[in-house]
Amino acid sequence: MIEVEEAGQVLSEADAEIGIDLGLTHYAVLSGGTKIANPRWLRRRAKRLARLQRALSRKEKGSKNREKARIAVARQHAKVADARRDFLHQTSTSIIRENQTVVIEDLAVRGLARSRLAKSVSDASWGTFRTLLAGKAARYGRTVITVGRWFPSSQLCPCCGWRNGKAPLGVRSWDCPSCGEHHDRDLAAALNILAEGLRLRAQAALAGEGQDKDMVAAGLADTRNDCGGRVRPGEAIPTLAPPATYGARAA
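Presented here is an overview of the structure given in this document.

Criteria and cut-off values
Residues numbered from 1 in each chain as written. Predicted model: local features only at pLDDT ≥ 70, side-chain atom pairs only at ≥ 80, totals over all residues. Heavy atoms only, no water. Salt bridge = Lys/Arg side-chain N within 4 Å of Asp/Glu carboxyl O. Helix = DSSP H or I, 4+ residues; strand = E, 2+ residues; numbered from the N terminus. Buried < 20%, exposed > 50% of the residue type's maximum accessible area, 1.4 Å probe, protein only. Pairing = 2+ DSSP bridges. Expected span 1.5 Å × (residues − 1). Arc of directions from axis to C-beta.

Overview of the pattern of salt bridges
In this structure the tally under the stated criterion is nine salt bridges. For Arg201, the salt bridge identified is with Glu17, shortest N-O distance 2.9 Å. With Arg201 in helix α7 (residues 185-206) and Glu17 in strand β1 (residues 17-22), this residue pair connects regions lying 184 residues apart in the sequence. Residue class for Arg201 comes out partly exposed when judged on its relative accessible area of 28%. Overall, Glu17 belongs to the partly exposed group, its relative accessible area being 31%. Notably, a salt bridge pairs Asp82 with Arg85, separated by 2.9 Å at the nearest N-O pair. With a gap of three residues between them, Asp82 and Arg85 both fall in helix α3 (residues 64-98), about one helical turn apart. Exposure remark for Asp82: the relative accessible area of 45% places this residue in the partly exposed category. Judged by its relative accessible area of 44%, Arg85 falls in the partly exposed class.

Structural data, given as structure tokens:
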């Protein structure tokens, strides 16, 4: 029997706190300014997979050549899965080691996987990334806070709180009409996610719920589990008191 040594798993406390905005242009943008490129594992091998799939379709069913072609296709898919898994583990470990508190947004992954972005969303594997973050945070003594999907992170000015409203996905930067600051859309979203996560943590602490490592944002019934939850904001079961009205100008 092999005994696993549990001692020393908890890391020394770090000072940094980070907010993460997940996306497809960049896999993740951190509130500290770091942008993690999206590797697009499946897209990289799309041409090779298409060629192997065509070769497979031309082989006679039941033949040895068809079995060889099937194995070749399976190997390419395995390489994609291995590369994705390695990236997710390395990225999540790095973030957990360097930050005491990690704030991440809740995404309707199942809904996005039924949209026109389905292939890219499935390739990104955001759900697995969040699961890895939560698991490693519990192992190493870190805190993961989840901000609700209805929080308008990309619409708020992180400097003054002005709500700019929805903008097309092609608009990657904007100027705040209130304070005049120029914002990168993804970086501003990461900063807003961090600020909202810290607000939720303080609110939970005041309510005597500060022992929960995986805090849930207001108005989200299925933050802990993406499967089978209701997603309409009016139907969700609130976990914490609703946040203050977003978009109000700072006093």
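So, next bit.
Thoughts on the pairing of strand β2 (residues 26-30)
Consecutive side chains of a regular strand alternate in pointing toward one face of the sheet and then the other. Within β2, four of the five residues are buried, which leaves the element mostly enclosed by the surrounding structure. Here β1 folds back onto β2, and the loop between the two strands holds three residues. Bridging between β2 and strand β3 (residues 35-37) involves three bridges; their strand directions are antiparallel. By the bridge assignment for β3, His26 is matched with Ala37.

Overview of helix α6 (residues 126-140)
Counted at 1.5 Å a residue, the expected span for α6 with its 15 residues is 21 Å, and the 21 Å between its end C-alpha atoms agrees. By the burial criterion, the buried members of α6 are Trp126, Phe129, Arg130, Leu132, Leu133, Lys136, Ala137 and Tyr140. The buried side chains of α6 occupy one side of the element, clustering within an arc of 160° when seen end-on. In this structure, α6 carries Thr131 and Ala138 as exposed residues pointing more than 90 degrees from its buried face. At the exit of α6 stands Gly141, carrying a positive phi of roughly 75°.

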